[in-house]
Amino acid sequence: MKSILLAAFGDLRRTWQQLVLVNLLSGAIGIIVTAPLVAGLLGLFLAFAGDQVLSDVEIAEFVASPLGFVAIATAATVWLGLLLVTFSLATIVGFGATEGRRVTYLDALRFAIARSRSLLRLALRILGLTACCVAPLLVAAGAADLVLLREHDINYYIAVRPPEFVRALWIVGAVGGVCGLVLLRALAVRSMALPIVLFEGVGAPEALRRSRSMRSAARSIFGLLLGWAALVLGLSTAGSWVVARVGGLLLAASDFTFKVDVVVLAFTLVLAALDDMVSDFVAHALLPLGLVRLYRSLSTAAVVPPELERAAAMDESSGWRVPRPWIVPGAIVGAGGVLMAGWFVSQ
C-alpha cells in the first residue's frame, strides 16, 4: 500500500494544476446547480407538506413521513451525484497520469459526460445500498421512540436524560454501529465499481459485479483509506505546527506595538488559511488518485479509452494548459452571481 500512495503522490505532483481547475469547476457547479436545486426541491416538498415545519417534533415527524423520506432521498441523490462527478473528474485525470497523458479538466468533463448515464445508475444503486443498510437504524430508532420515549417531548428527554432515554441511546447506538460496519464493508467491496464504469465501458450492474469479484478489493481499500488518513493527518499536523511556529517567532521578534502585532496576526491568519486550503486540496485529490493506482494494480481488464489516448503526453504541454479558458472563470463568476442573488432574495 505504501507504493500505491507514493505513486499517487507522484501523480498529484504532476497533475495538481488540472486538479485545482477540477476543484474550482466542481465547486462552481455545486453553487450554481446543486445548492439551488436541493434548496428548491426541499422547499417544494415542504410546500406539499402544508403546515410549517418549525419545531423539533415537527421536523422529526416530517423526516419520518413518506414525503419527508422522498425529500431526503432526492436531496441525497443530488448531493451524491455532485460528489461522484467531482471524484470521477479527479479519477480520470489520475488515470491519464498513470498512462503518461496530461488529461485536462475539460477532457475529464467530456469523458464523464459521455458516461453520465452509467454514473447516474451507479449513484442510484449506491444510494439504494446505503438506504438498505440504514433502514434497520431507522427501525430501531422508531421502536425505541414508541416503547421508551412516548411520555414526554424530546426536549424533556434531552434536558433531563432519564434512564429510559439513556437506554434508547444505547440501543440506537449499538444498531447504528452495526449498520455502519455493514455499510462500510459493502462500500469497500464495491469500491472498484467507479473506475470499472469509467475505464472498462460497462454498465453499473456489471461494474458492481466485477468489483465484488475482486477478492482483495475490500482489504486493499481499507489499507488505502488508513494510509490516506494517516498521510493527510500528518501533513495537516505538520502544516499547523509550521504556522504556529512562524507566528510565534514573528511575535517574539516584534517590538510589541499594537500595529506590528496586528500585522503579524493578520499574516499568521492568512498563512493558516493557506495551510487549510492546501491540506483540504491534498486530501480531496489524493484519494481518487490512490483509487486509480489501486485499480490498476488489481484489474487486468483496464484499457486506455480512445478519448484519453488522444491526450497530449506529459512533457508536451504545460500543467496550466486551460482549454476553453472562459469556462472556469465563467463558472466562478456565475457562482458569485448566484450567491449575490441569494443574498438579495434573503434580504
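The model shown is predicted, which means the values in this text are computed figures rather than measured ones.

Within the protein chain, the regular secondary structure consists of 13 helices and two strands. Put simply, the protein chain has 347 residues, and 35% of those count as buried. Considering only contacts in the protein chain between residues 6 or more positions apart, those separated by 24 or more positions represent 78%. Summed over its atoms, the accessible surface of the protein chain is roughly 19700 Å², and 70% of this surface lies on carbon and sulfur atoms.

It is worth spelling out the packing of helix α5 (residues 116–148) against helix α7 (residues 163–189) at this point. Remark: α5 packs on α7, axes separated minimally by 9 Å, with the N-to-C direction vectors making an angle of 170°. In this view, α5 runs roughly antiparallel relative to α7, as classed from their interaxial angle. Where α5 approaches α7, its residues Ile 126, Leu 129, Thr 130, Cys 133, Pro 136, Leu 137, Ala 140, Ala 141, Ala 144 and Leu 148 are matched on the opposing element by Glu 164, Arg 167, Ala 168, Ile 171, Val 172, Val 175, Gly 176, Cys 179, Val 182, Leu 183, Ala 186 and Leu 187. Looking at side-chain class alone, the contact of α5 with α7 contains 18 nonpolar, two polar and two charged residues.

Counting 50 residues, the largest nonpolar core has Leu 12, Leu 19 and Ile 92 as its most contacted members. Excluding residues within four positions of it along the chain, Leu 19 makes contact with Leu 12, Ala 90, Val 93, Phe 281, Ala 285 and Leu 289. With five residues, the next largest nonpolar core counts Ala 144, Tyr 157, Phe 165 and Ala 168 among its residues.

A word on the pattern of salt bridges. Scanning the entire structure with this criterion turns up six salt bridges. A salt bridge links Arg 210 to Glu 206; the nearest nitrogen and oxygen atoms lie 2.9 Å apart. You can see Arg 210 and its partner Glu 206 sitting in helix α9 (residues 204–213), four residues apart, about one turn around the helix. Residue class for Arg 210 comes out partly exposed when judged on its relative accessible area of 25%.

A separate point is the packing of α5 against helix α8 (residues 193–200). Axis separation between α5 and α8 bottoms out at 10 Å; the angle between their running directions is 165°. The angle between α5 and α8 places the two elements in the roughly antiparallel class. Judged by the sense of rotation from one axis to the other, the crossing of α5 with α8 is right-handed. Two secondary-structure elements touch here, α5 through Ser 118, Leu 119 and Leu 122 and α8 through Ala 193, Leu 194, Val 197 and Leu 198. Considered class by class, the residues forming the contact of α5 with α8 number six nonpolar, one polar and no charged.

Turning to the packing of aromatic side chains, a few remarks are in order. Tallied over the full model, the rule gives three aromatic pairs. Ring centres of Phe 95 and Phe 199 lie 3.9 Å apart, and the angle between their planes is 15°; on these two criteria the pair is classed as stacked. On the criterion of sequence distance, the pair formed by Phe 95 in helix α3 (residues 66–98) and Phe 199 in helix α8 is long-range, its members being 104 residues apart. The rings of Phe 95, Phe 111, Phe 199 and Tyr 295 are connected pair by pair, giving a single aromatic cluster.

Taking 1.5 Å as the rise per residue, α5 with 33 residues should run 48 Å; its terminal C-alpha atoms sit 46 Å apart, in good agreement. Maximal helix bending in α5 amounts to about 35°, located at Val 134; proline Pro 136 follows within four positions. Every buried residue belonging to α5 is among Ser 118, Leu 119, Leu 122, Ala 123, Leu 127, Leu 129, Cys 133, Ala 140 and Ala 144, and all of these are buried.

Within the element layout of this structure, Thr 91 appears in helix α3. Within polar-contact distance, the side chain of Thr 91 engages the backbone oxygen of Phe 87 at 2.6 Å. If we skip the residues at most four places from it in the chain, Thr 91 touches Leu 194, Leu 198, Phe 199, Pro 288 and Val 292.

Before going further, it helps to examine α7. For an α-helix, the turn length of 3.6 residues means that residues three or four places apart are oriented alike. In a regular helix each residue adds 1.5 Å, so 27 residues correspond to 39 Å; α7 covers 39 Å between its end C-alpha atoms and thus fits that length. Residues Phe 165, Ala 168, Cys 179, Leu 183, Ala 186, Ala 188 and Val 189 constitute the buried set of α7.

A separate point is the state of the cysteines. Enumeration according to the criterion identifies zero disulfides in this entry. Its sulfur unpaired, Cys 132 is 6.8 Å from the next cysteine sulfur, which belongs to Cys 133.

Among the structural elements, Ala 35 can be located in helix α1 (residues 2–49). On the basis of relative accessibility, which here comes to 44%, the residue Ala 35 falls in the partly exposed class. Each C-alpha atom of the pair Ala 35 and Trp 79 lies 8.7 Å from the other, and the pair is 44 residues apart in sequence.

With that settled, the discussion passes to the side chain of Thr 15. Counting through the fold element by element, Thr 15 comes out in helix α1. Here the side chain of Thr 15 touches Asp 11 through a polar contact of 2.6 Å, landing on its backbone oxygen.

Let us now look at the environment of Ala 141. Take Ala 141: it is sitting in helix α5. Judged by its relative accessible area of 33%, Ala 141 is partly exposed. Separated by 35 residues in the primary sequence, Ala 141 and Gly 176 place their C-alpha atoms 9.4 Å from one another.

This next bit is on the environment of Leu 274. Tracing the backbone through its elements, the reader meets Leu 274 in helix α11 (residues 258–298). What makes Leu 274 partly exposed here is its relative accessible area of 46%.

Conventions and cut-offs
- Residues numbered from 1 in each chain as written.
- Predicted model: local features only at pLDDT ≥ 70, side-chain atom pairs only at ≥ 80, totals over all residues.
- Heavy atoms only, no water.
- Helix = DSSP H or I, 4+ residues; strand = E, 2+ residues; numbered from the N terminus.
- Buried < 20%, exposed > 50% of the residue type's maximum accessible area, 1.4 Å probe, protein only.
- Contact = heavy atoms within 4.5 Å.
- Areas by Shrake-Rupley, 256 points an atom, 1.4 Å probe, with all protein chains shown as cover.
- Axes fitted to C-alpha atoms, helices over the stretch in contact; angles between N-to-C directions.
- Parallel < 35°, antiparallel > 145°, perpendicular 65-115°, else oblique.
- Nonpolar A, V, L, I, M, F, W, Y, C, P; charged D, E, K, R; others polar.
- Core = buried A, V, L, I, M, F, W, Y, C linked by side-chain atoms within 4.5 Å.
- Salt bridge = Lys/Arg side-chain N within 4 Å of Asp/Glu carboxyl O.
- Left-handed = near helix turned anticlockwise from the far one by under 90°.
- Phe/Tyr/Trp six-rings, centres within 6.5 Å; stacked < 30°, edge-to-face > 60°.
- Expected span 1.5 Å × (residues − 1).
- Bend = angle between axes of the 7 residues up to and from the residue.
- Polar contact = N/O pair within 3.5 Å; in protein donor to acceptor, adjacent residues only side chain to side chain.
- Disulfide = S-S within 2.5 Å.

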